[in-house]
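Geometric and topological summary
Listed below, chain by chain, are the residues.
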Amino acid sequence: MKQLRIGMIGYKFMGKAHSNAYRSLPMFFPKAVKPHMSVICGRNEEAVTEAAAQLGWSESVTDWKELIARSDIDLVDINAPSNAHKEIALAAAAAGKHIFCEKPLALNLEDSREMLEAAEKAGIAHMIGFNYRFSPAVRLAKRLIESGRLGTIYHFRAWFLQDWILDPEFPLVWRLQKEIAGSGSHGDLGAHLIDLAHFLVGDVEEVIGMSETFVKERPLATEMTGLSAKAGKDAPHGPVTVDDATLFLARFANGALGSFEATRFAAGHRSTNSFEINGSLGSVKFDFERMNELEVYLTSDDEDVQGFRRVLATDPSHDYAEAWWPPGHTIGFEHTFIHEMLELSNAIEEGRQPEPNFNDGVKCQAVLEAVDRSIEQRRWVPISEM
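What counts as what
- Residues numbered from 1 in each chain as written.
- Predicted model: local features only at pLDDT ≥ 70, side-chain atom pairs only at ≥ 80, totals over all residues.
- Heavy atoms only, no water.
- Helix = DSSP H or I, 4+ residues; strand = E, 2+ residues; numbered from the N terminus.
- Rg over C-alpha atoms; globule rule 2.2 N^0.38 Å.
- Lys, Arg positive; Asp, Glu negative; His and termini not counted.
- Charge placed at Lys NZ, Arg CZ, Asp CG, Glu CD.
- UniProt positions renumbered as here; feature names shortened; annotations may be inferred.
- Pairing = 2+ DSSP bridges.
- Axes fitted to C-alpha atoms, helices over the stretch in contact; angles between N-to-C directions.
- Contact = heavy atoms within 4.5 Å.
- Phe/Tyr/Trp six-rings, centres within 6.5 Å; stacked < 30°, edge-to-face > 60°.
- Buried < 20%, exposed > 50% of the residue type's maximum accessible area, 1.4 Å probe, protein only.
- Lys NZ or Arg CZ within 6 Å of the ring centre and 35° of its normal.
- Right-handed = clockwise from strand over helix to strand, strands pointing away.
- 1 Å grid on protein atoms, 1.4 Å probe; cavity = no way out; pocket = protein on both sides within 12 Å on 5 of 7 lines; lining within 4 Å.
- Points joined across faces, edges and corners; volume = space filled by probe spheres on them.
- Nonpolar A, V, L, I, M, F, W, Y, C, P; charged D, E, K, R; others polar.

The protein appears in an unreviewed UniProt entry as Dehydrogenase from Paenibacillus silagei.

Okay, structure coming up:
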């Protein structure tokens with residue numbers, strides 16, 4: 001393939017992140033298949049036309065079915081709200097288009113399995129957007145675990161803390177409505193933690209959890225963009241139908257123990273996406289707010305110098321780093337999407353499935369719903385039950 005012709009559905013927060021990735025990929029990874037930003041789709045004609053000009057797309061349309069029907073599109077990129085994922089993905093698979101879909105894959109496990117089955121039947125490449133896997137420091141943690149340098153893994157603890165809806169008068173955006181988002185902090189933030197756990201430690205075997213919605217009603221939004229919104233002064237209120245915070249414990253199939261916390265009510269935490277892993281020979285700690293760093297502790301160090309060391313994952317020996325800047329010159333959030341699109345384009349060219357793909361999306365959804373069932377029934381729930 002000389003180029004990958006892309007049609008993208010959605011143009012706001014994730015749309016900008018994906019567009020930037022497509023534009024940057026050939027500059028820093030020139031051997032990769034070149035993305036051609038063919039068509040962008042959104043419901044508001046004026047807004048999507050402006051987005052096409054701003055983000056660098058050749059054309060814009062308002063009907064995603066029109067986009068999928070085009071013969072000059074190889075890949076459909078879905079970053080519309082979660083309730084639209086299934087219908088679009090099924091249509092794209094039926095048309096034989098490769099698919100990139102933002103997480104969560106679908107509103108529920110049944111739908112996500114249907115999407116996977118359709119993609120496999122169509123023989124297309126399919127990828128899900130778990131971008132945090134693509135931080136060089138996270139890849140270093142993966143390497144340390146797989147090489148055995150941390151020994152037997154005992155603990156995985158993770159937390160994703162935000163505070164953007166702490167104000168009870170913050171408007172009722174779509175992410176706070178179950179029929180559109182599927183779930184709240186659990187599916188939006190917790191899904192990333194679950195995928196990192198699967199990527200780094202292995203399959204989850206059983207879970208038990210709890211959740212809370214702290215603010216039950218909010219003013220209806222008049223404008224929404226990304227994680228910001230506006231409401232009128234005397235706007236009517238509507239119910240919040242998702243969780244504000246979810247915590248759960250897990251047992252992994254390999255015997256490790258896990259704890260997970262996702263909340264949008266942690267004052268002072270803008271986006272604290274962190275994990276710590278403890279093994280018999282060492283530990284690692286990661287915080288995405290300092291995404292270029294991995295803290296590493298090894299029991300093999302001499303006793304008088306034992307302690308966590310800060311490793312700056314910007315040297316050529318770290319994944320993706322050689323394509324960027326000299327050692328010590330850090331990268332940011334947007335680079336995880338560029339690395340994600342590199343994996344996608346390489347996989348399509350090589351005739352393999354990218355990682356993570358819809359299988360990973362289904363596996364994540366199974367854990368999410370097992371936690372929901374655990375909360376409802378107040379018991380441990382095995383993933384095999386799902």
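Past the structure itself, the notes keep going.
What to know about the overall build of the protein
Looking only at helices and strands, the protein features 10 helices and 19 strands. Here the C-alpha atoms of the protein give a radius of gyration of 21 Å, agreeing with the 21 Å that 2.2 N^0.38 yields for 386 residues. When its C-alpha atoms are laid out on the principal axes, the protein stretches across 65 × 50 × 40 Å. Distance between charge centroids for the protein: 2 Å, based on 39 positive and 56 negative side chains.

Considerations on the UniProt feature "domain: Gfo/Idh/MocA-like oxidoreductase N-terminal" (unreviewed entry) in the protein
In this structure's numbering, the residues bearing the UniProt feature "domain: Gfo/Idh/MocA-like oxidoreductase N-terminal" (unreviewed entry) are residues 4–129. In this annotation, residues 4–129 is assigned 45% helix and 24% strand; the end-to-end C-alpha distance for the span is 18 Å.

Remarks on the sheet that holds strand β1 (residues 3–9)
Here 6 strands make up an open sheet; going across it, the order is β3-β2-β1-β4-β5-β6 and the pairing parallel. Of all strands in the sheet, those with a lone pairing partner are β3 (59–61) and β6 (126–129), marking the two edges. Neighbouring strand axes in the sheet, compared pairwise and without regard to direction, differ in orientation by 25° on average. Two elements, strand β2 (residues 34–41) and β3, share 3 bridges in a ladder whose sense is parallel. In the strand pairing of β3, I40 is matched with S60. Running at roughly 155° to β2, helix α1 (residues 13–28) makes contact with β1, β2, β4 (75–78) and β5 (98–102) of the sheet.

Things to note about the packing of aromatic side chains
Per the stated rule, a full pass over the model turns up 20 aromatic pairs. With a centroid separation of 6.2 Å and 80° between ring planes, the pair formed by F156 and F252 is classed as edge-to-face. A residue pair is termed long-range when its members are at least 10 positions apart, and F156 in strand β7 (residues 153–161) and F252 in strand β13 (residues 245–252) qualify at 96 residues. This pair shows no difference in class: F156 is buried, exactly as F252 is. Aromatic rings pair up to connect F13, Y132, F156, F160, F248, F252, F260, F275, F286, F288, F333 and F337 into one cluster. Stacked on the ring of W380, the Lys or Arg R251 has its end atom at 5.9 Å from the ring centre. Here the guanidinium or amino end of K285 rests over the ring plane of F308, the centre of that ring lying 4.2 Å away.

Here's the deal with the environment of G182
Position of G182 relative to the elements: it lies in the loop between α7 (178–181) and α8 (185–200). Judged by its relative accessible area of 11%, G182 falls in the buried class. Between the alpha carbons of G182 and L312 there is a distance of 37 Å; along the sequence they are 130 residues apart. Among all residues touching G182, those that are not within four sequence positions of it are L107 and Q177.

Digging into the pairing of β2
The buried count for β2 comes to 6 of 8 residues, which makes it a mostly enclosed element. Bridge analysis of β1 against β2 gives 7 bridges, and the strand direction is parallel. By the bridge assignment for β2, I6 is matched with M37. In terms of handedness, the path from β1 via α1 over to β2 forms a crossover that is right-handed.

Here we look at empty space enclosed by the protein
One pass over the full model with this rule turns up 2 cavities of 30 Å³ or more. For the largest cavity, the calculated volume is near 40 Å³. Taken together, P136, N292, A313, T314, A321, W324, W325, H329 and I331 make up the lining of the largest cavity. Tallied by class, residues from the lining of the largest cavity come to 6 nonpolar, 3 polar and no charged. Estimates place the volume of the second largest cavity at around 40 Å³. Taken together, L4, I6, Y22, V33, P35, L75, M341, L344 and S345 make up the lining of the second largest cavity. Counting only elements with at least two residues in the lining of the second largest cavity, the list comes to β1 and α9 (333–350). The element contributing the most residues to the lining of the second largest cavity is α9, with 3 residues. The residue makeup of the lining of the second largest cavity, split by class, is 8 nonpolar, 1 polar and no charged.

Some details on the sheet that holds strand β16 (residues 282–287)
Within the open sheet, the 9 strands sit side by side as β18-β17-β16-β15-β7-β14-β13-β8-β19. Their pairing is mixed. Edge positions in the sheet fall to β18 (309–312) and β19 (381–382), since each has one partner strand and no second. When β7 meets strand β15 (residues 272–279), the two strands line up antiparallel, connected through 8 bridges. By the bridge assignment for β15, W159 is matched with S274. Relative to strand β8 (residues 204–212), helix α10 (residues 358–377) is tilted by about 55°, and along the sheet it contacts β8, β13 and β19.

Some remarks on the environment of I165
Inspection of the secondary structure assignment puts I165 in the loop between β7 and α7. C-alpha separation for the pair I165 and S228, spaced 63 residues apart in sequence, amounts to 9.4 Å. Excluding residues that lie within four positions of it along the chain, I165 makes contacts with F170, L176, R218, D244, R264 and F265.

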